[in-house]
Amino acid sequence: MELQPTANKGGDIRASDTASGSGSELWGGYVNRILSSFAPHPNYKPRKATGDGPFDLEEANAAIAESPLSRRLKGRHLQMIAIGGSIGTGLFVGSGNALRTGGPAALLIAFALIGMMLYCVVHALGELAVVFPVAGSFSAYSTRFLDPAWGFAMGWNYAMQWLVVLPLEIVAAAITIDYWNSSVNKAVWITIFWVLIVSINLFGVKGYGEAEFFFSLIKVIAVIGFIILGIIINCGGGPKGGYIGTIYWREPGAFAAGFKGVCAVFVTAAFAFAGTELVGLAAAETANPRKSLPTAIKQVFWRITLFYIISLTIIGLLVPYTETRLVGQSSADAKASPFVIAIENAGIKVLPSIMNVVIMVAVLSVGNSSVYGSSRTLAALADQGQAPRIFSYIDRKGRPIVGIAVASLCGLLGYLAVSNKQDQAFMWMLAISGLSSIFTWGSICLAHIRFRRGWKLQGHSLDELAFHSQPGVIGSWMGFILNVLVLIAQFWTAMFPLKAKTDAEVFFSSYLAVPVVLVFYVGYKLVYWTSVVRAKDMDLVTGRRELNIAELLADERAERATWPAWKKIYHTFC
């Protein structure tokens, strides 16, 4: 573009003045756009804060249904979140500690049982989320179908879980750099990763979705690649050669500590699956949950089978539980990853470093999810009057910006890693988040059971549901019972730990989430005297996006009737 000359006060003509002015205007425009994006959303309405009066369940249900959160997630985002969203250090590194504790058979049994339970949980969540794609998802379902006091406890339990996970994951990402013996101060890497995670979430739900799509794609490719490589190594195709087979199942053996070893691995398995429920939380910000969610929910089965069961079977064949390197310095120590150890034992030089990059990506993915999960849950709690009203603030871009800010500030706790109190601080952070997922999953199953009871009692049939859980109510009962059994098993192993004496600090570091949840539940119950929601009184209308669902489903079922058999089978599982 040709610049027009202008005259200044002294009469000198400078073409650059126009360019400078245009640049300033352009820069000012960008700044104004950024600042204006933090203005209130046109549909934002401040909600009643905690303590303003008795709890109003009807108003709470309406508030989360009318949340102005952005609905920009697409089907591909949900599918990748469902397939690879929760694959993190629990699988890549934590499985090594589980292998050392229980042995290869205990590892498979524990992960298979938790996987079976998660299959039931996710299908129950999918059914609820398709009918009610509301803000807050599972904590809101506990409030609507169980008891507002339990919903309050579950909401804060879930928010706190992710708030403490963020600094842990930021530190974990910095620790992965140590694999290459970096001399750079850990605080530098903590700053870099904190800025990256916060920046992603400032782009709103679309930024979160795109980042998770990219992160999940890397993790999925890595796990599939490892499975193929592991089979080749086991059959003697590695640089060192030699058939391995099931030698490590015979010597040192399949179990390291018998039945108690299996129970000890349960919590590690639960931690590895944590975040699976995020696909339900994302339903409120999905353009068409009725179309996108069922496909994403069905793919969880393949993730459990392919990425957990098959990969851990291979790990058990390639790495003995007596391997000394399985004792790592932290939950993100790549040197203690059985995936890395298996590759190193095969004599492959470059791949361990690539695997460490994947572990770092997995850690950043969980950190990204922690900001998303905590901010959305806090916003939903505020909408229902169960948290300070400021958390309900949604800006022009559909972001719960106050929740994002609080989560980001909690991330700064990662700098404790460079203090002399880091071990104590991180131990109690882990204690808060340790069993949180078990309570969340159990509540989802119980909410689904109660929803089905209310749905039937109020004269509805399953034909009116756009998606219903494949394992049904029986699966939800099974999922709920398995969650209770995990809590019992963890109580036993926390009270009487393996190869150690009973110790109060050890017990509470493993079981702290239980008294925390009970304090929230009982405290809210005593203040508001809420009661269990009766099936005949359940609100089964507020929050449903498509009330003409009967006609839509009739058309879709007529179309499916014309499909060939292979297509019907495919859509049953995918």
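Preceding this section is the structure that the text describes.
What counts and what doesn't
- Residue positions are given per chain, counting from 1 as you read along its sequence in written order.
- For this predicted model, a pLDDT threshold of at least 70 governs which residues receive local features, and a threshold of 80 or more governs which side-chain atom pairs are given and counted, while totals over whole chains, interfaces and linings are taken from all residues.
- Hydrogens and water are ignored here; the side-chain numbers use all heavy atoms of the structure.
- Lines fitted to the C-alpha atoms define the axes, with helices restricted to the stretch that makes contact. Angles between their N-to-C directions range from 0 to 180 degrees.
- Under the scheme used here, helices are H or I runs from DSSP no shorter than 4 residues and strands are E runs no shorter than 2 residues, and both carry numbers assigned from the N terminus.
- Any angle from 65 to 115 degrees is called roughly perpendicular, while one under 35 is roughly parallel, one over 145 is roughly antiparallel, and all others are oblique.
- Crossing handedness: left-handed means the near helix sits turned counterclockwise from the far one by under a right angle, and right-handed means the same turn made clockwise.
- Note on contacts: a residue pair qualifies if any of its non-hydrogen atoms lie within 4.5 Å across the two residues.
- Residue polarity follows a fixed list, in which Ala, Val, Leu, Ile, Met, Phe, Trp, Tyr, Cys and Pro are nonpolar, Asp, Glu, Lys and Arg are charged, and the others, Gly among them, are polar.
- Lining residues are defined by having an atom within 4 Å of a point belonging to a cavity or pocket. Those points lie on a 1 Å grid over the protein atoms alone, cavities being sets where a 1.4 Å probe fits but cannot get out and pockets being open sets with protein on both sides within 12 Å along at least five of seven lines.
- Grid points are joined across faces, edges and corners, and a volume is the space filled by probe spheres set on the points.
- A carboxyl oxygen of Asp or Glu within 4 Å of a side-chain nitrogen of Lys or Arg is what we treat as a salt bridge.
- Only protein chains enter the area calculation, which uses a 1.4 Å probe; residues under 20% of their type maximum are buried, those over 50% are exposed, and those in between are partly exposed.
- In plain words, nonpolar cores are sets of buried Ala, Val, Leu, Ile, Met, Phe, Trp, Tyr and Cys residues tied together by side-chain atoms within 4.5 Å.

Draft legend 1. Layout of the packing of helix α8 (residues 148-177) against helix α17 (residues 401-411). Two elements in contact, α8 and α17, have axes whose closest approach is 8 Å; the angle formed by their N-to-C orientations is 45°. Judged by the inter-axis angle, α8 sits oblique to α17. Classified by chirality, the crossing of α17 by α8 is right-handed. Of the residues in α17, those in contact with L163, L166, P167 and I170 of α8 are A407, S408, C410 and G411. Looking at side-chain class alone, the contact of α8 with α17 contains six nonpolar, two polar and no charged residues.

Draft legend 2. Seen up close, empty space enclosed by the protein. Counting across every chain of the model gives six cavities of 30 Å³ or more. By volume, the largest cavity is sized at about 190 Å³. Lining the largest cavity are 20 residues; nearest its centre among them are W162, V165, F271, A274 and V366. Looking at the lining of the largest cavity, the elements with two or more residues in it are α4 (89-92), α8, α12 (258-273), α16 (351-383) and α18 (422-434). At four residues, α8 tops the list of elements feeding residues into the lining of the largest cavity.

Draft legend 3. Structural context of the pattern of salt bridges. Tallied over the entire structure, the rule returns eight salt bridges. A salt bridge links E344 to R325, with the shortest nitrogen-to-oxygen separation between them at 3.1 Å. Here R325 lies in the loop between α14 (289-318) and α15 (338-345) and E344 lies in helix α15, a separation of 19 residues in the sequence. Taking relative accessible area as the criterion, E344 reaches 28% and is therefore assigned partly exposed. Judged by relative accessible area, which is 31%, R325 ranks as partly exposed. Between D395 and R399 there is a salt bridge whose closest N-O contact spans 2.8 Å.

Draft legend 4. Highlighting the nonpolar core. Of all hydrophobic cores here, the largest spans 149 residues; its most connected members are F92, F111, Y141 and F451. The leading source of residues in this core is α8, at 17 residues. Apart from the residues lying within four places of it in its own chain, the contact partners of F92 are I87, K219, V223, S337, P338, F339, M355, V358, I359 and A362. One finds F55, A60, A387 and V402 within the second-largest nonpolar core, a separate group that totals 16 residues.

Draft legend 5. View of unusual backbone geometry. Omega for the bond connecting E251 with P252 falls within 30 degrees of zero, at 15°, which places this linkage in the cis form. Here P252 shows up in the loop between α11 (247-250) and α12. The backbone of W529 sits at a positive phi, close to 50°, despite the residue not being glycine. Along the chain, the position of W529 falls in the loop between α22 (513-528) and α23 (549-561). We classify W529 as exposed; its relative accessible area is 67%.

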